[in-house]
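# Topology and contacts: notes
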Amino acid sequence: MRIISDEQFSRVLKKALSRGGDYADVFIEHRQHVSMQLEDNKIEKIVSGTDAGAGIRVIFGNKSAYAYSNDLSKDSLLGLADAVSRATNDKKDISINLKKRSPHLDFEIKQNPRSVSADKKIFLLESANAIARKVSPEIRQVTANYRDMIQNVYIATSEGAVSEDERIH
């Protein structure tokens, strides 16, 4: 699920370096998460949601400037790039040729959390609760938590690298 195009990444990076700088990068993430809590033999909380945001950084000499927003629109990203560019003062014209790079490590995910129903996740919590209570009759309180997250990350650099990764937790 690509959020912005390579062309847009290039425009944002050029804008970030338009007043100078040695290096710039754009980091965009989109996260979907689920959290469930069982306490006192019942489900107390179920929280799910989606978060997204972008960060743009410019490095110049031994300093850096950074800006962040959860607005991923073209105008917002260019506005962030303009904001970080103001920290530098050496105008230059640059070209950026992005090339896709993939992570060197790949971990096998046996079951994607998106494919697991909420009922199955609740069953896991209830099973953990039952197992903990069977350890000893002295156990009076059990809290069990379930969490999963799928994070999609997109990174582009002024050195020409563009990477995307899906991180499943």
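Our structure is the block above this text.
Rules used in this analysis
Residues numbered from 1 in each chain as written. Predicted model: local features only at pLDDT ≥ 70, side-chain atom pairs only at ≥ 80, totals over all residues. Heavy atoms only, no water. Pairing = 2+ DSSP bridges. Helix = DSSP H or I, 4+ residues; strand = E, 2+ residues; numbered from the N terminus. Contact = heavy atoms within 4.5 Å. Polar contact = N/O pair within 3.5 Å; in protein donor to acceptor, adjacent residues only side chain to side chain. Expected span 1.5 Å × (residues − 1). Buried < 20%, exposed > 50% of the residue type's maximum accessible area, 1.4 Å probe, protein only.

The next thing to look at is the pairing of strand E6 (residues 161–168). For strand E4 (residues 99–101) and E6, the ladder comprises 3 bridges, and the chain directions are parallel. Note that in E6 the partner of Lys99 across the bridge is Ala161. Inspection of the sheet shows strand E5 (residues 143–157) paired to E6 by 7 bridges, in the antiparallel sense. If you follow Val153 over to E6, its bridge partner there is Asp165. What sits between the antiparallel neighbours E5 and E6 is a turn of 3 residues, in which Gly160 has the positive phi angle 105 degrees.

With respect to the element layout, Asn129 can be found in helix H3 (residues 118–134). Between the alpha carbons of Asn129 and Asn145 there is a distance of 9.9 Å; along the sequence they are 16 residues apart. Discounting chain neighbours no more than four positions away, the residues touching Asn129 are Leu38, Asn41 and Val142. At a separation of 2.7 Å, a polar atom in the side chain of Asn129 contacts the side chain of Asn41. At 3.0 Å, the side chain of Asn129 and the side chain of Arg133 are in polar contact.

Within an α-helix, residues lying three or four positions from one another point in the same direction, as the helix has 3.6 residues per turn. Taking 1.5 Å per residue as the helical rise, helix H2 (residues 74–85) with its 12 residues ought to reach 16 Å, and the 16 Å between its terminal C-alpha atoms agrees with that figure. Those residues of H2 that sit buried are Ser76, Leu77, Leu80, Ala81, Asp82, Val84 and Ser85. Looking at the packing, one finds that the buried side of H2 touches helix H1 (6–16), strand E1 (23–39), strand E2 (42–60) and strand E3 (63–69).

Mapped onto the elements of the fold, Thr157 is located in strand E5. If near-sequence neighbours (up to four positions away) are discounted, Thr157 is found in contact with Leu13, Tyr23, Ala24, Asp25, Ile96 and Leu98.

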